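# Structure assessment
Given next are the chains, with one letter for each unit.
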Amino acid sequence: MSNHAEDAKFTLKVLLDKQKTKVLFAEVDSDFADVLISFMALPLGSIVKILKKHYGEEALVLGSLTTLYDGLSNLDSEHFRTDGCKEILLNPKSSFGAECRKLKLDISDTQPTEYFICGNLLKYDCEGHNLLLRCSSVYYDTATCFCQRIMKRKADENDEYSSRAATDGGVFTLKTTSFIISDDLQIFPNTKGLFQTLGDFAISDVDLVEPINMTFGFSEIMDLLKGSLFSRTPLSDIILKKRSHVEFVSTSSESEQEILSRNLEKEETSNSKKMVLKVVLQKSTNKILFAQSDEGFVDFLCSLLAIPLGGAECLLDGKTRFKSINNIYRSIADIHYKYLVHGVRMKDRLMKPKLPHGYITKNLILPITEEDYSRSVKFSREQGEYMRGSKMYKITDDLTVTPLCMTAIISDLKELKIPLSDIKELELEIRSDEALRILRASLTSTSALSNALINDSMLNKQCM
């Protein structure tokens, strides 16, 4: 959160129905629209972190991501490959970090971007000075320049200055554009005219509506982030102080399969890539009690925390179970690029966001990419390795990760009064479609493994 976040205020021109039971729409400036769009840039782990920081014990649980985050937080540093691994997972960086720091109100808690820079650049003693060679990466180890000298991490002072400076061009949207936002967070430029706008919201009599002005500050923006995840009517919940209840979009298994199939068509990685996951299933409930795996599957789970919300929308074809978030993502797709800063390039970045360099695991099974870096820079750490090797881990249904301990498992079975006759062990193949199912289930379910993996087709594919 930026230093001036507590002081930033937005004025919304809101139209209510006459009975004041719901918000019809709000008219906002580009600063507010930019903040709303910035939700797409937030890594999933950052959302867990900032919700916990703001709401404390009252923070709503974000599917299995909250317990995944908490479990990694509770692991001793000795389980991670380097000291920096744990920090970059619990404080994930966004590829939109520079943009977020330019927002009128930045809730992302991002820090200035650090680059690996060759110390000889300033001395003009390295050929890289002609290329302005620098590399942004989440790696905490050292990097080696093509001149064979060690590169050191350094904050970009120019980037930090520009991030604090006011800009006439806006951040994501053009400064001169105003927007209409519906109760369920559909966004569109305020260019349609009076009658078409009223018609879009089925308003036929102005005596049945009431305009008011509302001020949003940091707390209201945090409530909006929470509402975008858990409510279909977040503006009404905040403005009319209605008590919201958690409400997700339900989708059929057929539509989910269509989503997965379309994304598999986009996948550039080999279909041969897979992991084998050993799960213990309770037969009477058909639920996974826990899974056991080496560091490979845990590295995959770790990488979920780095995926931005817009990236999850992209991977799931804009059909997560967050209705309001789906609407923001689809609105970005529908907004003409002329209303966006940098036009088509910004639209592409928002619709298909990349991870910062260093987050993707070496056994990539999700069709997502990361930012490029100079091929003349070499890192000592292997790609996307978070956990130390040669160790087994226990992963519960809600994605809590702990070191595997047989005596603890036996104690849990005894406490839950689950006899050995009621459990069976399965080996399941985890490929791209299963990885997408786990991602989707982790967003809203506290039984992510069972919801993602226990179905007829998956059981038929179990390792023999």
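That block above? That's the structure.
A brief report on the enclosed structure follows.

What counts as what
- Residues numbered from 1 in each chain as written.
- Predicted model: local features only at pLDDT ≥ 70, side-chain atom pairs only at ≥ 80, totals over all residues.
- Heavy atoms only, no water.
- Helix = DSSP H or I, 4+ residues; strand = E, 2+ residues; numbered from the N terminus.
- Buried < 20%, exposed > 50% of the residue type's maximum accessible area, 1.4 Å probe, protein only.
- Contact = heavy atoms within 4.5 Å.
- Areas by Shrake-Rupley, 256 points an atom, 1.4 Å probe, with all protein chains shown as cover.
- Pairing = 2+ DSSP bridges.
- Axes fitted to C-alpha atoms, helices over the stretch in contact; angles between N-to-C directions.
- Phe/Tyr/Trp six-rings, centres within 6.5 Å; stacked < 30°, edge-to-face > 60°.
- Lys NZ or Arg CZ within 6 Å of the ring centre and 35° of its normal.

## Re the overall build of the chain
A count of helical and extended segments in the chain gives 18 helices and 15 strands. Each of the 464 residues in the chain was classed as buried or not, and the buried ones make up 55%. A fraction of 73% describes how many contacts in the chain between residues 6 or more apart in sequence connect residues 24 or more apart. Surface accessibility of the chain: about 21,900 Å² in total, with carbon and sulfur atoms responsible for 48%.

## A few points about the sheet that holds strand 1 (residues 10-17)
Overall, antiparallel pairing links the five strands, which are arranged 8-7-2-1-9 in an open sheet. Across the chains shown, the open sheet's two edge strands, defined by having one partner strand only, are strand 8 (187-189) and strand 9 (209-216). Direction aside, neighbouring strands of the sheet carry axes that sit 25° apart on average. Of the strand pairs in this sheet, strand 1 and strand 9 are connected by eight bridges, and their pairing is antiparallel. Across the sheet, the residue bridging to Leu-15 is Pro-211, located in strand 9.

## Observations concerning the packing of aromatic side chains
Taken as a whole, this structure holds six aromatic pairs when the rule is applied. Where Phe-25 meets Phe-201, the ring centres are 4.9 Å apart and the plane angle is 40°; that geometry is what we call tilted. Of this pair, Phe-25 sits in strand 2 (residues 23-28) while Phe-201 sits in the loop between helix 7 (194-200) and strand 9, placing them 176 residues apart in sequence. We classify Phe-25 as buried; its relative accessible area is 9%. One aromatic cluster is present, formed by Phe-10, Phe-32 and Phe-216 through successive ring pairs. The side chain of Lys-104 reaches across the aromatic face of Phe-10, ending 4.9 Å from its centre. In this arrangement the basic side chain of Lys-394 is found over the ring face of Phe-290, its NZ or CZ atom lying 5.7 Å from the centre.

## Quick word on unusual backbone geometry
Phi is positive for Asp-317, which is not a glycine, with a value near 60°. With respect to the helices and strands, the residue Asp-317 is situated in the loop between helix 12 (309-315) and helix 13 (323-334). A relative accessible area of 26% means that Asp-317 is categorised as partly exposed. At His-342, a position not held by glycine, the phi torsion is positive, near 65°. As for its placement among the helices and strands, His-342 is situated in the loop between helix 13 and helix 14 (343-351). The exposure class of His-342 is exposed, given its relative accessible area of 55%.

## Details of the sheet that holds strand 15 (residues 423-430)
Spatial ordering of the open sheet is given by 14-13-11-10-15, a layout of five strands whose pairing is antiparallel. Since the sheet does not close on itself, it has two edges, and those belong to strand 14 (401-403) and strand 15, each with one partner. Within the sheet, the average angular offset between the axes of one strand and its neighbour, ignoring direction, is 30°. Strand direction decides the pairing type here: strand 10 (residues 275-282) and strand 11 (residues 287-293), joined by five bridges, are antiparallel. Within strand 11, the residue paired with Lys-278 across the bridge is Gln-292. Contacts between helix 11 (residues 295-304) and the sheet are confined to strand 10, strand 11, strand 13 (393-396), strand 14 and strand 15, with strand 13 contributing the most and set at about 45° to the helix.

## Some thoughts on the pairing of strand 7 (residues 179-182)
Side-chain alternation along strand 7 places Phe-179 and Ile-181 on one buried face and Ile-180 and Ser-182 on a second face that is also buried. By the bridge criterion, four bridges tie strand 2 to strand 7 in an arrangement that is antiparallel. Note that in strand 7 the partner of Phe-25 across the bridge is Ser-182. Of the strand pairs in this sheet, strand 7 and strand 8 are connected by three bridges, and their pairing is antiparallel. Looking at the pairing, Phe-179 lines up with Pro-189 of strand 8. Adjacent in sequence and paired antiparallel, strand 7 and strand 8 are bridged by four residues, among which Leu-185 carries a positive phi angle near 70°.

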